[in-house]
Amino acid sequence: MSFPTHLHRYTRLSLLFAGCLTLTLITGTPVFSQPASSQSIATDSAVLTKPSVLSQQASISQKTATPTSSSTPSLTQGVRKTVLSNGLTVLTKEVNTAPVVTVQVWYRVGSRNEAPGVNGIAHQLEHLMFKGTKERPIQFGRLFSALGSDLNAFTSYDMTAYFGTVEQNKLNALLVLEADRMRNSLIGEKELASEKRVVISELQGYENSPNYRLSRAVMRQALPDSPYGLTVGGTKSDVEKFTVDQVRYYYDTYYRPDNATLIVVGNFKTDELLKQIEATFGQIPKPATPLPRDTAAAAFEGKPAGGTSSANQEPIVLREPGSVFLLHAVYPLPAVSHPDVPALQLMDYILTGGRSSRLYQSLVESGLASGAEGGAANMIAGGWYEFSVTAAPGKDLKTVDQALQQVVTDLCEKGVTPEELKRAKAQLRASIILRNRDITSQAYQLGDDQVSTGDYRYTDRLLAAIDQVTAADVQRVASTYLTPNRRTVGFFEPTTAGGASGAMTGGVSQTSENFSPGVPVDPAELAKYLPATPPLARPVNQPLPEKLTLKNGLQILLLRDRSTPTVTLSGHIQAGTAYDQAETAGLASLTANNLMNGTKTQDALAIAKALENRGASLAFGANREGVGISGEALTSDLPTLIQILADVLQNASFPDKELELSRQQALTALQLELDNPGRLARRTFQQKVYPPTHPFHTFPSEVSLKQITRDDLVRFYQTHYQPDRTILTLVGDFDPIGVRNLLVKELGSWQNKASDAQPTYPTVPLPQSTTRLNPILPGKTQSVTFMGYNAIDRKDPRYYASLVMNQILGGDTLSSRLGTEIRDRQGLTYGIYSMFQAGMQPGPFLISMQTAPEDADRAITSTIKLLQQVREQGVTPAEVAAAKRSLTSAYPVELASPDALANALLMNKVYGLPLDEIRRFPAKIEAVTLAQVKQVIKDLLHPDNLVIVTAGPPTATFQTQSNP
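Scope of this entry: the structure provided in the associated data block.

Criteria and thresholds
- Residues numbered from 1 in each chain as written.
- Predicted model: local features only at pLDDT ≥ 70, side-chain atom pairs only at ≥ 80, totals over all residues.
- Heavy atoms only, no water.
- Helix = DSSP H or I, 4+ residues; strand = E, 2+ residues; numbered from the N terminus.
- Buried < 20%, exposed > 50% of the residue type's maximum accessible area, 1.4 Å probe, protein only.
- Contact = heavy atoms within 4.5 Å.
- Areas by Shrake-Rupley, 256 points an atom, 1.4 Å probe, with all protein chains shown as cover.
- Phe/Tyr/Trp six-rings, centres within 6.5 Å; stacked < 30°, edge-to-face > 60°.
- Lys NZ or Arg CZ within 6 Å of the ring centre and 35° of its normal.
- Pairing = 2+ DSSP bridges.
- Axes fitted to C-alpha atoms, helices over the stretch in contact; angles between N-to-C directions.

Here we look at the overall build of the chain
- Tallying secondary structure elements over the chain gives 33 helices and 26 strands in all.
- Buried residues in the chain amount to 65% of all 964 residues.
- Put simply, of all contacts in the chain between residues at least 6 apart along the chain, 84% involve residues at least 24 apart.
- Accessible surface computed for the chain: about 33400 Å², of which carbon and sulfur atoms make up 51%.

Brief notes about the packing of aromatic side chains
- Counted under the stated rule, the structure contains 29 aromatic pairs.
- Between F130 and F144, the ring centres sit 6.4 Å apart and the planes meet at 70°, which makes this aromatic pair edge-to-face. With F130 in the loop between α2 (121-128) and α3 (140-146) and F144 in helix α3, this pair connects stretches of sequence that are 14 residues apart. The residues F130 and F144 share a single accessibility class, namely buried.
- A ring pair is formed by F696 and Y761, whose centres lie 5.8 Å apart and whose planes are at 75°; its orientation type is edge-to-face. Taken together, the residues span a long stretch of sequence, with F696 in the loop between α23 (677-689) and α24 (702-706) and Y761 in the loop between α26 (736-747) and β22 (771-775) at a distance of 65 residues.
- Of the residues examined, Y761 reaches a relative accessible area of 26% and is grouped as partly exposed.
- By the ring-pair criterion, three or more aromatic residues cluster together here, those being Y107, F130, F140, F144, Y162, Y251 and Y255.
- Here the basic side chain of R181 rests over the ring of F130, its NZ or CZ set 4.5 Å away from the ring centre.
- R624 extends its terminal NZ or CZ atom over the ring of F699, reaching a point 4.3 Å from the ring centre.

Considering the sheet that holds strand β18 (residues 566-573)
- Strand order in the open sheet made by the six strands is β16-β17-β21-β18-β20-β19, with mixed pairing throughout. A single partner strand is all that each edge strand has here, and the edge strands are β16 (546-549) and β19 (617-622). Neighbour to neighbour, the strand axes of the sheet diverge by 15° on average, direction disregarded.
- With eight bridges joining them, β18 and strand β20 (residues 627-634) adopt antiparallel strand pairing. Residue pairing across strands places H572 opposite G628, the latter belonging to β20.

Structural measurements only, silent on function.
And the structure:
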């Protein structure tokens, strides 16, 4: 139910976890006439995806990789297509590597089917699909949560999709639920009124972003005659006017079997599955009326490739509150059916594919920009190419724009080199393989291909087509589509300097309103509507990794997984921001960010090319308790990945020029953080909960970042980057003996050195009373609230009971007590969650939510009342049993992802847990008793001792201001 503000290169399934999940997809089309789509999708993780069991632990920073390979296997081997008599297209693929299945339903309707006045109605309908059906008048999120489903939904330009991944015995239950809501959803005045508030809250969250506002303004002018010029989520003014009849029209018109594709991938027998599908979806009649003509696609018939554009040579200029100077440029492109799309996708990688790309080298390496990206979007009824650039501090946007235009001119006039083309092809091939490692992603690829192109084998054909693309083809498409007269550009010029957070109000101990929470949901009532699920045929033992400890103390966990020709690397180094000192705060992050900037034998560009030539990735990022390492590669490229890892861990050189560039990027990131309500609220919360003497209190400032020297980085690196402080995990398709020999060869000579003492962590008491702080950010449309206090560490014996309690309280925004009350009944927030961030040291218990500014006080008061209700009345045995089922059912689903599995193994080791914790976790959850949950409520739930921080625009409630 959300939507991204930017499109990125051809990465159809890019999952980014930062409290909410964002899926961005872009597709291209090879030289054939079947349409393939590129989409920016609206996803609902903030609403539909609960914080995972694994993410309840303190997480490490990981970045999504962009993969590699030259020989790409077919992605559709074993796929079976069936069309039911009612017109429903069914795609099935047996993948028996884990005891899980995914069920996805994709409808061919999105914002492309809208017009001004009803912009956002497809997105509004998607929200209403969770409000229940005639036979099941209950929030569907509760049903999915009871099944332990990893679920989500999104609205896109061209499509709307719903998907859930569950243990294999829950397969039929998902089919029953999805078939039920295909035609029986409740769409009434009450449901629409509450979800309008939620959608508006969501839209206000996006309006907080200057990048979003600039992109929207440019798209409207660049594509004035196309529905793609409208936003996916709609506008507040349109949403407020939607009527039940309008929403029902879209539901009755487009939610029908002959306009849908059902995809099932996972552990099942196809013949048996098809009988289940016939018994559920097959009973839905095919409508007598035909589908409406695709007016959006028809509008482009007979027009030049790429549609129409009112390209404007003068930039659109937005002067509004913000923190950094931004540029956004758009060029119309053809629809996905056009034969130029494969060359356009490769052109995109040459322009924006990593550090070796032309855009990065010309704008970022030169110091003109702190960040630059681009993407080619080719969809059913048209497309566009876009550039997004964040200017470096002190750089003029006109100068940045001239450099950007020179990059484009050079490409059009001088063409590309054989090396660039070869690298782009490797990156695209590898990215496709690496994003298809888990069953949810495989089903997603099939659904996107089928709905947008009419052919689920589209990506296989794209891969074949890019092999035929020449350097001349790339130059030709650049010269055709990236011409000045097709360009629309916009500048964002902030009116508030330096990302200042405005003013801070605080000191209020309690809000004054009095809202009583509703009656908790009775699990017995829920059980009446839940489809029956047979028991699992047999318990499944999760394979355990092999442990390798080198003589220097480096610990490595190796888990072989031959399901795909890929490998995932995760790592942890005890060199996190807890080691920062106030005067040089940011040193740990700057050190991690500079590791890839050069070694004794290679400069930054050589390192980047070594990885990007293979589509592999390696990244380092500092968090509170350590530096996270994340890497991905095809199996054939594992030696390169390990060799580069070993080189930067042992031989990083920290060149002065690269340090200054990364400092510049850090200063820009700081400005953005102080202008982001969510980031500012969390920073303020953290510094209020933890005293100045605590390592978790320290955050970078402009002063601290500017006074860090190269000597500081070298000293920090030599002190903290040591083998006996490092743990690595490798999951994937490798030869165990060969990889052991490789690791010993590359990392066995890494030497330990003298190190500093460990940080001291003073005891953090509960606040004596509730404290409220309100950092003010001018020009924002939505408020973000964090509330909580310091709690427990991962090895606390109450940890498992705390997970069960938290699942009941706020572990899922659609099924928890908080979600049911604050989001579903009162409609005050797009998403609300609670969690224990239990790491090596005690971390906070916190609740987070986003609200309209005028709803913040009411939401906070209602949340406190609900906490008091739980504290005073406790929870029921049925709630405890339901929470345990949800957690234990979700756990194997999470571990089916290679990334999640590698990270779970890693963090269990970091926390000092036994290797078989990954097997024992479900049993430990099952063993939690009602008495233990009640004790945890008594010990860890303190509604009268909260730190509450709400960041956003000023509200009428708090008038007294003081400087932050």
